[in-house]
Amino acid sequence: MGLNLPVIEPTTLTPDEITAMQAEIRSLAAERNALLIAHNYQRAEVQDVAHFVGDSLGLSRKAAATEEPVIVFCGVHFMAETAAILSPDKRVLLPDLEAGCSLAATISAEDVVRWREQFPGYVAVGYVNTSAAVKAELDYCCTSGNVLDVVDAVPEDRGILFLPDFFLGAHVRRMRPDRKIEVWMGECHVHKGINPDALNAERAAHPEAEVLVHPECGCAGQLVYAMGRGDVDPEGLHIASTERMVQLVRERPATEFIVATETGIMHRMQQMAPEKTFIAADRGAVCAYMKTITLEAVRDALVKDQHHITVDPETTRRARASVDRMVALGAGGKPGD
Ligand code: SF4
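Because the structure is a prediction, the values reported are computed rather than measured.

Participant: Would you mind going over the overall build of the chain with me for this structure?
Facilitator: Secondary structure summary: the chain contains 14 helices and 13 strands in total. Whereas a compact globule of 337 residues would reach a radius of gyration of roughly 20 Å, the chain reaches 19 Å, a difference of no more than 12%. Along the first, second and third principal axes, the C-alpha set of the chain runs to 60 × 55 × 40 Å. By the burial criterion, 57% of the 337 residues in the chain qualify as buried. For the chain, contacts bridging at least 24 residues in sequence account for 70% of all contacts bridging at least 6. If you sum the accessible surface of the chain, you get close to 13800 Å²; carbon and sulfur atoms cover 49% of it. A gap of 4 Å separates the mean positions of the 33 positive and 48 negative side-chain charges of the chain.

Participant: Sorry, what's going on with the layout of surface pockets here?
Facilitator: Over the atoms rolls a probe the size of a water molecule, and its path tells where empty space is left. In this structure, the second largest pocket occupies an estimated 210 Å³ of space. Here the lining of the second largest pocket is composed, by residue class, of 6 nonpolar, 5 polar and 1 charged. Looking at which domains feed residues into the lining of the second largest pocket, each of domain 2 (104-188 + 314-328) and domain 3 (190-280) supplies at least three.

Participant: Would you mind showing me how to read the nonpolar core here?
Facilitator: Among soluble globular proteins, nonpolar side chains are generally buried collectively. Counting residues in each nonpolar core, the largest one holds 107 residues, and the members touching the most others are Leu199 and Phe278. Considering each element in turn, this core owes the most residues, 7 residues, to helix 4 (residues 77-86). Among the nonpolar cores identified, the runner-up in size contains 10 residues, and Ile107, Tyr122, Val134 and Leu163 belong to it.

Participant: What is the right way to read the pairing of strand 7 (residues 160-163) from this model?
Facilitator: Look at any regular strand and the pattern is simple: side chains alternate between the two faces of the sheet. Alternating positions in strand 7 separate into two faces, Ile160 and Phe162 on one and Leu161 and Leu163 on the other, with burial throughout. Bridge count for strand 5 (residues 123-127) against strand 7 is 4 bridges, and the pairing is parallel. Counted as the bridge partner of Ala124 is Leu161 from strand 7. Inspection of the sheet shows strand 7 paired to strand 8 (residues 181-183) by 3 bridges, in the parallel sense. Within strand 8, the position partnered with Ile160 by the bridge is Ile181.

Conventions we followed
- Residues numbered from 1 in each chain as written.
- Predicted model: local features only at pLDDT ≥ 70, side-chain atom pairs only at ≥ 80, totals over all residues.
- Heavy atoms only, no water.
- Helix = DSSP H or I, 4+ residues; strand = E, 2+ residues; numbered from the N terminus.
- Rg over C-alpha atoms; globule rule 2.2 N^0.38 Å.
- Buried < 20%, exposed > 50% of the residue type's maximum accessible area, 1.4 Å probe, protein only.
- Contact = heavy atoms within 4.5 Å.
- Areas by Shrake-Rupley, 256 points an atom, 1.4 Å probe, with all protein chains shown as cover.
- Lys, Arg positive; Asp, Glu negative; His and termini not counted.
- Charge placed at Lys NZ, Arg CZ, Asp CG, Glu CD.
- 1 Å grid on protein atoms, 1.4 Å probe; cavity = no way out; pocket = protein on both sides within 12 Å on 5 of 7 lines; lining within 4 Å.
- Points joined across faces, edges and corners; volume = space filled by probe spheres on them.
- Nonpolar A, V, L, I, M, F, W, Y, C, P; charged D, E, K, R; others polar.
- Domains from an automatic or database assignment.
- Core = buried A, V, L, I, M, F, W, Y, C linked by side-chain atoms within 4.5 Å.
- Pairing = 2+ DSSP bridges.

Set out below in structure tokens:
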């Protein structure tokens, strides 16, 4: 893919320094009346300082429902844009501008416009991992958890343009073989290691373990695709939103869980169920973009009021419409949001 990924630097702070910096950040956030939100794939010490940890759309909706006028989004750029779209009157800060997304970067708004011209009358459905400019060109936004609901809501005589995740699109095609669906060839670099062979090998090594898949980022797309093909046994495998995961790790009798998603989420799971064991399906499934956000960057965001993420009003209006259409279908609460 020829990606120029950021280098992941481990923190140089000692545990005491981490605790002190977290206290400083919380105090700065209180002074600035700022809400700190962190995606599940953030560094552990960043998750620990946040007021809320969760999925991108869930966090953006949470931020919109709270009073604080400033939102520090510890996640990647398209997520901060989504927060800005849902909270146009708030000041959304992204601590590091290098926090991009290889999947979102595979398609531009101009690409969508050209694609639509090639397929007149088709309905454009796009995954939440897209820029605000791309969302503005969509008819519907979707998550991996509600994509089939969204596709089913499109009149049967209309074709569908699905973007940007190829694996998720191919899965939808297989699940709805009677529909005309064109799929964009985008992919997330993280999912490559989370393949059916790696997962099946871990399952063979841990036969009692159940499998947890968090579907939101593109890193799980290949697995959803493999399940649809029958390459992965769905028995004991749960595709679950963050909240459902909280319930599952407590409710299920299993004491071992294989986690088939970016490894950052295991920090949250371990906190939810300290007595249980969590095994990464692929230890290399680490999103370098997510890891650009360090405690120092969060502190500097508050001190220097950086980096302000804005979306112009017209793009906000049009992008918001694609999100609202999804929510209006009652599909906003499925795993992945
Ligand atoms: S895990 Fe993949 S889809 Fe998610 S932010 Fe990173 S690059 Fe993008």
